[in-house]
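Structural overview for review
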Amino acid sequence: MGWERSPVALRMSERIRADPLDTDAWRILLAEAARQPPADFRPVFEAAVTAMPEASAAWMGWAEAELGASEVEQAEAVFELCLLRLPQLPLWHLFLKFVREHKVAQLERSAARAQLVPALELLLEAVGADPSAGPLWTEYVSLTAAAEAGAEADGALVSAAELSATRKAYQAALTSCAAGLDGLLREYEAWETRTSGSQAKAMMHDTLEKAAAARKASRERLALYAPLRAAAAVAHGHFPPGVATPRLLAAWRKLWAYEASNAQRLDPPKLAARMRFALAQGAAALWRAPQLWHEAARWLEGEGNAPAAREVWRRGLAALPREPLLYLGLAGFEERQGKMDDAAALLDTLVAKAPSAAAHVARLRFGWRARGAAAGRAAFALARRQPAHSPWPVYAAAAQLEYMLGEERAAAAETGRRVYALALAKAEASAQAKGGSVPAGLVLSYASYLRASADLPNLRELLERGLLLLPAAEAAQLWPIYAQVEAQFGTAASQAELAKRRR
C-alpha cells in the first residue's frame with residue numbers, strides 16, 4: 001500500500017504547486033515523507049532538490065532518510081550529487097559521520113585511518129576555510145601524525161615521507177583560518193623542535209607568521225559569518241518572512257568585501273577558492289536573493305574570470321528560474337562576451353517564463369542594438385501580442401528606439417510618433433472601459449518625445465488633449481510645459497491666452 005498523505009501534507013503539496021520555492025511547505029512535507037518507505041520518499045526528495053538545488057537541508061534530509069532505511073549505497077549516491085556543489089559544514093559533517101559509521105567502523109585501526117584520511121582531505125578541501133572547522137583540522141593532523149607515531153612505537157625508523165606528511169598537515173591546519181587551534185599550534189612547535197632540533201626555528205618561521213595572520217583573520221571572519229549562520233539555521237536554510245533580507249544582504253556584502261580584500265595575501269588560486277567558499281556561505285542563508293548571485297558574478301567578471309562569472313549566473317538561474325535580474329545580468333554578460341545568440345536566447349526565455357514590461361523593453365533594446373531594426377521591431381510585435389505585460393513604457397521604448405536608431409530621421413520621428421499615438425489610444429480605451437484615467441507618465445513621456453523631435457503642432461495638440469484627459473491634479477504638470485513651449489515658439493497673443501487659462 002502506498003503512502004497516504006496526511007491532510008497537512010496534502011495542503012503543503014498544494015502550496016508547493018502554487019510556489020515551488022515555498023521552503024516552509026517543503027520542510028513540512030519532507031519531514032512526513034522521510035518516515036515513508038524509500039519508494040515513496042525518493043520522488044518527493046528528488047522533486048525538492050530539483051526545485052531547490054541550493055538548499056542543503058533538503059539534501060541532508062534525503063541522505064538521512066536513505067540511511068534510516070538502511071540504503072547505504074543510495075545515501076552515498078546522494079552525497080556524490082551534492083557535496084562538491086555545496087561546501088557547507090553541516091552537510092560535510094553528515095558525510096564524515098557516514099564514512100565513520102558505514103565505511104570504517106569494522107576496519108582495523110590502520111586500515112580505518114587509511115580510509116578516513118582521504119575523506120578528511122576531501123572534506124577540508126571543501127570546507128576547511130570555514131572558521132568553525134578547527135576540530136576537523138585537529139582530527140586530520142592527529143590521523144596523519146598517527147602513522148609516524150605508529151612507526152616509532154614499532155621501533156622502526158620514521159620515513160622522510162611520513163615526517164613531510166605530518167609537517168604539511170600541521171602547516172595546512174594552522175594557516176587555514178579555522179578558529180580554536182591554539183593548542184595545535186603549541187603541539188606543532190613541540191613536534192618541530194623534537195623533529196628538527198637546531199633547525200626548528202628556521203623551519204617554523206614562515207608557518208608561524210602565516211599562522212598569526214590566520215588567527216587574526218579567523219576572529220574577524222567568525223564575526224562576519226555570525227548573522228549568515230544564524231539565518232541559515234532557521235526555516236530550512238532560508239530566511240523566514242519576518243527576517244529583513246536587506247540586513248542579511250548587507251552582512252553578506254560585508255563578508256564578500258572582506259574576503260575580496262585578501263587580508264591573508266593568498267595567491268590567486270587560493271583567493272579564488274576562498275571567494276567560492278564565501279559565496280557558498282552566503283547562499284546557505286540567501287540562495288533566494290537574486291542580488292547574491294548577480295553581485296558575485298559581476299565581481300568575478302570584473303576580476304577577469306568570465307567562466308566563473310557565467311557559472312555563478314547559471315547557478316543562480318537554476319535556483320531561481322523565473323528571476324529577471326539574473327536573466328538580464330547573464331544576457332548582458334554574454335553580450336559583452338560577444339555571444340549574441342546566447343544573449344538573445346536568454347532574453348527570449350525571460351519573456352517566455354516571466355513576461356513583464358522590463359523584460360520586453362530589454363528584449364527590444366537588445367534587438368535594435370545587436371541585430372538592427374528588423375529584430376527590434378519583431379521584439380515589439382511580440383510584446384504587443386502580450387498586452388497584459390506591455391504597458392505604455394514598452395511603447396515609449398519602442399518609439400524612442402525608432403527615433404534614435406532609425407535610418408532616416410524624419411521618417412523615424414514619424415514612426416515613433418505613431419507608436420506613441422497608438423499607446424495613448426489604447427490607454428484612452430482602457431480608461432473608458434475601466435472608469436479610470438490615462439497614465440500621466442504616458443502623456444509626459446509623449447510630450448517630451450514631441451519636443452525632442454521638434455513636432456510643434458502635434459505637441460500643442462497633445463497638451464490640449466492631456467489637459468482634458470487627466471485629472472486636475474495630474475494635469476497641473478502639463479501647464480509649465482505648455483508655458484515653456486509658448487514662451488519659446490508662440491506669439492505674444494498665444495502666451496497671454498495661455499496665462500489667462502491657467503488662472
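Structural data are supplied above this passage.
The paragraphs below set out a description of the structure included in this document.

About the thresholds
Every chain begins its residue count from 1, and numbering advances along the sequence as written. In keeping with the model being predicted, local features are shown solely for residues with a pLDDT of at least 70 and side-chain atom pairs are shown and tallied solely at 80 or more, while totals for entire chains, interfaces and linings include all residues. Only hydrogens and water are set aside; all other atoms, that is, all heavy atoms of the structure, feed into the side-chain values. Strands are runs of DSSP state E lasting at least two residues, helices are runs of H or I lasting at least four, and both sets are numbered from the N terminus onward. It is over C-alpha atoms that the radius of gyration is taken, and the globule rule equals 2.2 Å times the number of residues to the power 0.38. Each residue is placed in one exposure class: buried if its accessible area under a 1.4 Å probe, protein chains only, is under 20% of its type's maximum, exposed if it is over 50%, and partly exposed if it falls in between. Residues count as neighbours in contact if any of their non-hydrogen atoms are within 4.5 Å of one another. Accessibility throughout is a Shrake-Rupley quantity obtained with a 1.4 Å probe, and a residue counts as covered only by protein chains that appear here. Counted as positive: Lys and Arg. Counted as negative: Asp and Glu, with His and the chain ends omitted from the count. A single reference atom marks each charge: NZ on Lys, CZ on Arg, CG on Asp, CD on Glu. What a helix is expected to span follows from its residue count: subtract one and scale by 1.5 Å. When the centres of two rings from Phe, Tyr and Trp lie within 6.5 Å, Trp using its six-membered ring, the rings pair. Their planes under 30 degrees apart give stacked, over 60 give edge-to-face, and anything left gives tilted. Helix axes use the C-alpha atoms of the stretch in contact, all axes being lines fitted to C-alpha atoms, and the angles between their N-to-C directions lie in the range 0 to 180 degrees. Put simply, angles under 35 degrees are roughly parallel, angles over 145 are roughly antiparallel, angles from 65 to 115 are roughly perpendicular, and the rest are oblique. In the scheme used here, Gly and all other residues not listed as nonpolar or charged are polar, with Ala, Val, Leu, Ile, Met, Phe, Trp, Tyr, Cys and Pro taken as nonpolar and Asp, Glu, Lys and Arg as charged. By salt bridge we mean one thing: a side-chain nitrogen of Lys or Arg within 4 Å of a carboxyl oxygen of Asp or Glu.

1. Observations regarding the overall build of the protein
Check the secondary structure of the protein and you find 26 helices and 0 strands. Here the C-alpha radius of gyration of the protein, 32 Å, is well above what a compact globule of 503 residues would show, namely 23 Å. Considering only C-alpha atoms, the protein reaches an extent of 115 × 65 × 40 Å along its principal axes. Relative to its full complement of 503 residues, the protein shows a buried share of 46%. Across the protein, every contact between residues at least 6 apart in sequence was considered, and the portion connecting residues at least 24 apart equals 56%. Of the roughly 24700 Å² that the protein leaves accessible, carbon and sulfur atoms contribute 56%. The positive charge centre, built from 59 side chains, and the negative charge centre, built from 55, are 7 Å apart in the protein.

2. Thoughts on helix α14 (residues 290-302)
In this model, α14 (13 residues) spans 18 Å end to end at C-alpha, consistent with the 18 Å of a helix rising 1.5 Å per residue. Here α14 has its buried residues at Pro290, Leu292, Trp293, His294, Ala296, Ala297, Leu300 and Glu301. Following α14 by one or two positions, Gly304 has its phi on the positive side, about 85°.

3. Here we look at the packing of aromatic side chains
Going through the model one piece at a time under the given rule, you end up with 18 aromatic pairs. An angle of 70° between the planes, with centres 5.5 Å apart, marks the rings of Phe79 and Phe95 as edge-to-face. Of the two residues, Phe79 is situated in helix α5 (residues 72-82) and Phe95 in helix α6 (residues 89-102); the sequence distance between them amounts to 16 residues. The class for Phe79 is buried, based on a relative accessible area of 2%. Plain terms: the ring middles of Tyr420 and Tyr449 are 5.2 Å apart, the flat faces sit at 45° to each other, and that makes the pair tilted. Placement of the pair is Tyr420 in helix α21 (residues 409-434) and Tyr449 in helix α22 (residues 440-452), with a sequence separation of 29 residues. Classification of Tyr449 as buried rests on a relative accessible area of 4%.

4. As for the packing of helix α13 (residues 268-286) against α14
Closest axis-to-axis distance for the α13/α14 pair is 10 Å, and the angle between their directions is 170°. When the axes of α13 and α14 are compared, the pair comes out roughly antiparallel. For the pair α13 and α14, the contacting residues are Met275, Leu279, Gly282, Ala283 and Leu286 in the first and Leu292, Trp293, Ala296 and Trp299 in the second. Partitioning the contact of α13 with α14 into residue classes produces 8 nonpolar, 1 polar and no charged.

5. Points about the side chain of Glu402
Mapped onto the elements, Glu402 comes out in helix α20 (residues 392-405). Filtering out sequence-adjacent residues up to four positions away, Glu402 remains in contact with Trp368, Arg377, Ala412, Thr415 and Gly416.

6. Considerations on the pattern of salt bridges
Taken as a whole and assessed by the stated rule, the structure comprises 28 salt bridges. Its salt-bridge partner being Arg369, residue Glu335 comes within 2.8 Å of it at the nearest N-O pair. Of this pair, Glu335 sits in helix α16 (residues 324-336) while Arg369 sits in helix α18 (residues 357-371), and the two are 34 residues apart along the sequence. Across the salt bridge formed by Glu414 and Arg418, the nearest N and O atoms sit 3.8 Å from each other. Taken together, the residues span about one helical turn, with Glu414 and Arg418 both in helix α21 at a distance of 4 residues. For Glu414, a relative accessible area of 30% puts it in the partly exposed group.

7. Structural notes on the side chain of Arg274
Residue placement: Arg274 occurs in helix α13. Among residues more than four places away in sequence, those in contact with Arg274 are Ala129, Ser176, Cys177, Arg221, Glu259, Gln264 and Leu266.

8. A look at helix α7 (residues 109-127)
In this model, α7 (19 residues) spans 26 Å end to end at C-alpha, consistent with the 27 Å of a helix rising 1.5 Å per residue. Here α7 has its buried residues at Ala112, Arg113, Leu116, Val117, Ala119, Leu120, Leu123, Leu124, Ala126 and Val127.

9. Section: unusual backbone geometry
Residues other than glycine seldom take positive phi values, yet Ser70 does so here, at roughly 60°. For Ser70, the position within the fold is in the loop between α4 (56-68) and α5. A relative accessible area of 62% places Ser70 in the exposed class.

Function cannot be read off these values alone, since they describe shape.
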